[in-house]
Amino acid sequence: MSGRTGTELFLGGPGWRRTVTLVGAGVGIAGAAAFAANSAPSLVALSWLGRHVSPGLAGVGMPGHVALTFDDGPDDSSTPKFLETLDDLGLRATFFMLGDMARRAPGLAADVAAAGHEVAVHGDQHRSQLRLAPGTVADDIARARDAVADASGVEPLWFRPPYGTLSLSGLLAARRVGLRTVLWTSWGRDWRAEATPQSVVDDVLDGFVDGGTVLLHDSDCTSAPRCWQATLAALPALASELDARSLRVGPVGEHGIPRPDPIAA
């Protein structure tokens, strides 16, 4: 990981891969160690190792079940179409909402909950925790939790950080406001302009699906314009493929992951 001018760490998430270089006097190995310690939850949970050492955080639940999740909404231009299609397919899912988006469309957040889906928290603004001070991270999560709860009329239980970049301070801050963090084991890579319905299905099935958590997006607010159309069109085929494998599809709350256990502030 070391380079001549500093120490590099590779971090990834939906549409986001970044090399972080720690440079300057007094940073070196000590700075890299501190950064790695703070980013350890993401580095572990989003690797193959995470499914074994922190299965709940990684999104591993009951065998035979798939947790279907959507990030970045609620979005007036796209989320209602997802609600309609999911209803047609007889599927329920978990929607990880941005606080900023929930404040823009509070009625739609309530519609998601009224349709029988879970509402969850995706942060207030779509920013990587690894680029924010611990206090800023804690404030962002608390604001998002309140916004999602106020808009939907439901107390959320689950949290997923933007880009999947989870800091140790973020993990603890989520617990303090009664949220359990859940990442994912498979994704459709549907934030890309080049995504197609078939590529979304193929990418999901290429991941850890049986007993895993699938990440898709119901909004393009942080992705390529109208990329959600590929996701929406992929849902019937994806549902058919999962049914052919005798896999039940549902929200995170039915996935067998323990409910949140908040700690004292």
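Residues numbered from 1 in each chain as written. Predicted model: local features only at pLDDT ≥ 70, side-chain atom pairs only at ≥ 80, totals over all residues. Heavy atoms only, no water.

## Digging into helix α4 (residues 79-89)
- Considered for burial, the residues of α4 that qualify are T79, F82, L83, T85 and L86.
- The inward-facing, buried residues of α4 contact β4 (65-71), β5 (94-97), α6 (106-114), β10 (213-217) and α10 (228-244). (Buried < 20%, exposed > 50% of the residue type's maximum accessible area, 1.4 Å probe, protein only. Helix = DSSP H or I, 4+ residues; strand = E, 2+ residues; numbered from the N terminus. Contact = heavy atoms within 4.5 Å.)

## Description of the pattern of salt bridges
- One pass over the structure, following the stated rule, counts 11 salt bridges.
- Across the pair R143 and D124 runs a salt bridge, and its minimum N-O distance is 3.4 Å. Of the two residues, R143 sits in helix α7 (residues 134-152) while D124 sits in the loop between β6 (118-121) and α7, which places them 19 residues apart along the sequence.
- Looking at R143, the relative accessible area reads 40%, which means it is partly exposed.
- Residue classification places D124 among the buried positions, given a relative accessible area of 1%. (Salt bridge = Lys/Arg side-chain N within 4 Å of Asp/Glu carboxyl O.)

## Some points on the nonpolar core
- In terms of nonpolar packing, the biggest core is built from 49 residues, with L68, F70, L86, F95 and L216 touching the most fellow members.
- Element by element, the count of residues in this core is highest for α10, at 8 residues.
- Not counting chain neighbours up to four residues away, the residues in contact with L216 comprise L68, T69, F70, D71, G188, D190, V200, V204, T231, L235 and L238.
- Counting 7 residues, the second largest nonpolar core, distinct from the first, contains A67, F96, A120 and I257. (Core = buried A, V, L, I, M, F, W, Y, C linked by side-chain atoms within 4.5 Å.)

## Considerations on the pairing of β6
- The alternating pattern of β6 places E118 and A120 on one face and V119 and V121 on the opposite face, and all of these are buried.
- Direction of pairing for β5 relative to β6: parallel, over a ladder of 4 bridges. Opposite M97, over in β6, you have V121 as the bridge partner. (Pairing = 2+ DSSP bridges.)

## With respect to α10
- The first and last C-alpha atoms of α10 sit 24 Å apart over 17 residues, in line with the 24 Å expected at 1.5 Å per residue.
- Along α10, the helix axis deviates most sharply at L235, where the bend reaches about 40°; the proline P236 sits within four residues downstream.
- Residues W228, A230, T231, L232, A234, L235, L238, A239 and L242 constitute the buried set of α10.
- Residues of α10 that are buried sit in contact with β4, α4, α9 (197-205), β10 and β11 (248-250). (Expected span 1.5 Å × (residues − 1). Bend = angle between axes of the 7 residues up to and from the residue.)

## Section: empty space enclosed by the protein
- Inspection of every chain in the model, using the stated rule, returns 2 cavities of 30 Å³ or more.
- Considered as a void within the structure, the largest cavity measures approximately 60 Å³ in volume.
- Considering the residues around the largest cavity, the lining is formed by G123, Q125, R127, Q129, L132, V137, D140, I141, F159 and P162.
- Considering each element in turn, the lining of the largest cavity owes the most residues, 3 residues, to α7. (1 Å grid on protein atoms, 1.4 Å probe; cavity = no way out; pocket = protein on both sides within 12 Å on 5 of 7 lines; lining within 4 Å. Points joined across faces, edges and corners; volume = space filled by probe spheres on them.)

## Some points on the packing of α4 against α10
- Look at α4 against α10: their axes get within 10 Å of each other, and the N-to-C directions meet at 5°. Overall, the two elements α4 and α10 adopt an arrangement that is roughly parallel. Contacts from K81, F82, T85, L86 and L89 of α4 reach α10 at W228, T231, L232, L235, P236 and A239.
- In terms of residue class, the contact of α4 with α10 is made up of 8 nonpolar, 2 polar and 1 charged. (Axes fitted to C-alpha atoms, helices over the stretch in contact; angles between N-to-C directions. Parallel < 35°, antiparallel > 145°, perpendicular 65-115°, else oblique. Nonpolar A, V, L, I, M, F, W, Y, C, P; charged D, E, K, R; others polar.)

## A short note on the packing of α4 against α6
- Interhelical geometry of α4 versus α6 gives an angle of 10° and a closest axis separation of 11 Å. The orientation of α4 relative to α6 falls into the category roughly parallel. Relative to α6, the crossing made by α4 is left-handed. Contacts from T79, P80 and L83 of α4 reach α6 at L108, D111 and V112.
- Of the residues assigned to the contact of α4 with α6, the class counts are 4 nonpolar, 1 polar and 1 charged. (Left-handed = near helix turned anticlockwise from the far one by under 90°.)

## A few points about a nonpolar patch on the surface
- On the surface, a cluster of nonpolar side chains totalling about 340 Å² of accessible area is made up of W48, L49 and V53.
- By the secondary structure assignment, L49 is in the loop between α1 (28-45) and α2 (50-53).
- The partly exposed category is assigned to L49, whose relative accessible area is 36%. (Patch = residues over 30% accessible without salt bridge, like charges linked within 9 Å, V, L, I, M, F, W, Y side chains within 5 Å. Areas by Shrake-Rupley, 256 points an atom, 1.4 Å probe, with all protein chains shown as cover.)

## Quick notes on the side chain of S219
- Counting through the fold element by element, S219 comes out in the loop between β10 and α10.
- Since its relative accessible area comes to 0%, S219 is described here as buried.
- A polar side-chain atom of S219 sits 2.7 Å from a polar atom in the side chain of D75.
- A polar contact is formed between the side chain of S219 and the backbone nitrogen of C221, at a distance of 3.0 Å.
- If we skip the residues at most four places from it in the chain, S219 touches D71, D72, G73, D75, S78, M101 and W228. (Polar contact = N/O pair within 3.5 Å; in protein donor to acceptor, adjacent residues only side chain to side chain.)

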